[in-house]
Amino acid sequence: MQIQLDSRPLAQVETDALVSYVFEPEKDLQAIEGAVAQLDQAVGGALARLAASGEVTGKMLEMTLVHFAPGIAAPRILLVGAGKREKFGTPELRKLAAAAVRHLKARSVKRIAFLARESDRGPAAAQAVTEGLMLGNFDGDKYRTDKKDRPVESAALVGFEAAAQPGVDRGRIIGESQNFTRELGNEPSNLLTPTLLAERAAAMARGAGLEVDVLDEKRIAQLNMGALLSVARGSAEPPRVIVLTYTPEKVTPGAPVLGLVGKAITFDTGGISIKPANDMEKMKFDMAGGAAVLGAMRALARLKPSIKVIAVIPSTENMPGGRAQKPGDVQIAMSGKSIEVINTDAEGRLVLSDGINYAKQLGATHLVDAATLTGAIVVALGNVNTGVFGSDAAFTERVLASARRAGEKMWHMPLDDDYREQIKSTIADIQNVGGRGAGASTAAWFLREFTGDTPWVHLDIAGTAWLDDAKPWAGKGGTGVAVRTLVDLAMTFDPRPAAK
Ligand code: BES
Ligand code: MN
Ligand code: ZN
């Protein structure tokens, strides 16, 4: 979709649909006021009459489509409810822009014009609207030959300040990158093996100007990534480790280096500890953490933060083959730690342990991993919040602040030392499951064992990386969660060496 600021007066904008939004009326204010009141004047008060009749209430995501209003060239006006003014911010703006696109593309609209409200005309608003339009325009129907909705082709942003342009540019980059992540998440495992994922990542990296290094099974073995290899054993598909590096123009010696590690199990059957058949098809999205890291790198290559960023994405299938690892096996991770594998379905933490170790070896001073790691986090937080675990209070707070700015809901989860007891093994250094309680925290503790003194934050996106049913603002499938948070984190990272 082409998105452009348009400085022409409203009446002159040629479009198939004019879109704006209205708040729930307050004491002395009407729903139809401000910029929307000007539009209402142009159409002879038609909108105000709809509001007076009770049809336009301003409730969040209420859609009112007005056809052939006299006085304007556009054949449609779409008024989107924006909810209560005091609860309104960029997350709501992004969401309503996405919902507007989805509403209109289902009605074969090709060109839209989005009219800014008087309070939201700057770069941050333009970014949120642009992101929303891009995200709403995306559908995971790549393989359908009878596509129902065709995407909207162009959007004019009307009534924004000229200074909003950088927001449009950022929004486009971030929206496209998040959609890149969503598309990878939707790919079936036969069409996105570790080898194919690495090829897609390398092609993206070349296009973006990122350094890329794909480790094949030989180099993985040379590096002694025993935990990753233990998972890969069961599959006929060879594993890969995808390494992408973004280097800023100016690198200060001793400056921090952000390491992003993403779980990329292209299919998780559970291995010998096999999963039930019900819902197993969903496990093609078990690479969503890796896809989020790839999407973030795609955006960062264009947004150019001043900090160096290294992405490490261990990728394999988790399959129950004749050579598959078995419950009770002991494996030696790249770090040298021995791991008793109690359950082969707890494979994410195994591949991440070597990924984390390698990111540190490559020079990461701060680590963030993203992973569809546990069903336990889905029980705890549902599909609403991503679970956040961290070893360093200040760094964890920075990631949470990035999530808030990016409009991604995340919740800080506990990682007390007490939980570590649960992953003690009788015959090895640690075991890969921690018993019945606190499954998301014991999984996080397993990862922490490999981070050493490096500040680290873990994002458990098992509940948030996939939408089971379409929402007004998003289609079913991969959500691209964590891309915006990771981008914000890198963009706001202080690149100066930490004070001693
Ligand atoms: N990929 C799954 C986690 C998952 C579950 C993601 C449901 C999305 C939805 C992970 O590899 C897994 O199987 N975890 C096990 C761990 C258990 C064996 C300790 C789980 O959560 O059941
Ligand atoms: Mn599993
Ligand atoms: Zn998994």
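Owing to the predicted nature of the structure, the values given are computational and were not obtained by experimental measurement.

Peer 1: Looking at this model, I keep getting lost on the nonpolar core. Mind explaining?
Peer 2: Side chains of a nonpolar character, in soluble globular proteins, are inclined to be buried together. Residues Leu258, Val368 and Leu459 are the most contacted members of the largest nonpolar core, which totals 58 residues. Of the residues forming this core, the biggest block, 11 residues, is contributed by helix α9 (residues 288-303). Excluding residues within four positions of it along the chain, valine 368 makes contact with Leu258, Gly259, Leu260, Val261, Phe395, Val399, Val457, Leu459, Leu486 and Leu489. In this structure, Val341, Ala444, Trp445 and Phe450 belong to the second largest nonpolar core, which totals 43 residues.

Peer 1: Would you mind showing me how to read the coordination of the manganese ion (ligand 2) here?
Peer 2: A four-donor tetrahedral metal ideally has 109.5 degree angles, and a six-donor octahedral metal ideally has angles of 90 or 180 degrees. On the protein side, the manganese ion (ligand 2) has Asp268 (OD), Asp345 (O), Asp345 (OD) and Glu347 (OE) as donor atoms, found 2.0 to 2.2 Å from it. The site at the manganese ion (ligand 2) holds 6 donor atoms, and with the angles between them running 69 to 167 degrees, its shape is irregular. Taken as a pair, the manganese ion (ligand 2) and the zinc ion (ligand 3) lie 3.2 Å from each other and share aspartate 268 as a ligand. Remark: aspartate 345 occurs in the loop between β13 (338-341) and α10 (348-361) and aspartate 268 occurs in strand β10 (residues 264-268); sequence separation between them is 77 residues. Of the residues examined, aspartate 268 reaches a relative accessible area of 3% and is grouped as buried.

Peer 1: Mind showing me how you'd approach the coordination of the zinc ion (ligand 3) here?
Peer 2: Listed as protein donors to the zinc ion (ligand 3) are Lys263 (NZ), Asp268 (OD), Asp286 (OD) and Glu347 (OE); their distances from the metal cover 2.0 to 2.4 Å. Mapping the donors of the zinc ion (ligand 3) onto the primary sequence gives the spacing K-x4-D-x17-D-x60-E.

Peer 1: It is not clear to me how the sheet that holds strand β2 (residues 17-22) should be interpreted in this structure. Could you clarify?
Peer 2: What holds strands together in a sheet is hydrogen bonding between their backbones, with the strands either parallel or antiparallel. The strand order across the open sheet built from 6 strands is β1-β6-β5-β2-β4-β3, with neighbouring strands paired in mixed fashion. Each edge of the open sheet is held by one strand with a lone partner, namely β1 (2-6) and β3 (63-67). Strand-to-strand, the axes of this sheet are offset by a mean angle of 20 degrees, without reference to chain direction. In this sheet, strand β6 (residues 154-158) lies alongside β1 in parallel orientation, the contact comprising 5 bridges. Following the sheet pairing, isoleucine 3 is matched in β6 by alanine 155. Along the sheet, helix α3 (residues 90-105) makes contact with β2, β3, β4 (76-81) and β5 (111-115), crossing β4 at roughly 140 degrees.

Peer 1: Can you help me understand the site of ligand 1 in this one?
Peer 2: Taken together, the neighbourhood of ligand 1 is formed by 16 residues, with Lys275, Asp286, Asp345, Glu347 and Gly375 sitting nearest. Within the contact set of ligand 1, an oxygen atom lies 2.8 Å away from a side-chain nitrogen or oxygen of aspartate 345. Burial of ligand 1 by the surrounding chains reaches 78%, relative to a free accessible area of 520 Å². By residue class, the composition of the shell around ligand 1 is 5 nonpolar, 4 polar and 7 charged.

The rules behind these values
- Residues numbered from 1 in each chain as written.
- Chains lettered and ligands numbered in written order.
- Predicted model: local features only at pLDDT ≥ 70, side-chain atom pairs only at ≥ 80, totals over all residues.
- Heavy atoms only, no water.
- Core = buried A, V, L, I, M, F, W, Y, C linked by side-chain atoms within 4.5 Å.
- Buried < 20%, exposed > 50% of the residue type's maximum accessible area, 1.4 Å probe, protein only.
- Helix = DSSP H or I, 4+ residues; strand = E, 2+ residues; numbered from the N terminus.
- Contact = heavy atoms within 4.5 Å.
- Donors = N, O, S within 2.8 Å, 3.2 Å for Na, K, Ca; no water.
- Tetrahedral: all angles 85-135°; square planar, octahedral: opposite > 155°, others 65-115°.
- Pairing = 2+ DSSP bridges.
- Axes fitted to C-alpha atoms, helices over the stretch in contact; angles between N-to-C directions.
- Near = heavy atom within 4 Å.
- Polar contact = N/O pair within 3.5 Å; in protein donor to acceptor, adjacent residues only side chain to side chain.
- Areas by Shrake-Rupley, 256 points an atom, 1.4 Å probe, with all protein chains shown as cover.
- Nonpolar A, V, L, I, M, F, W, Y, C, P; charged D, E, K, R; others polar.

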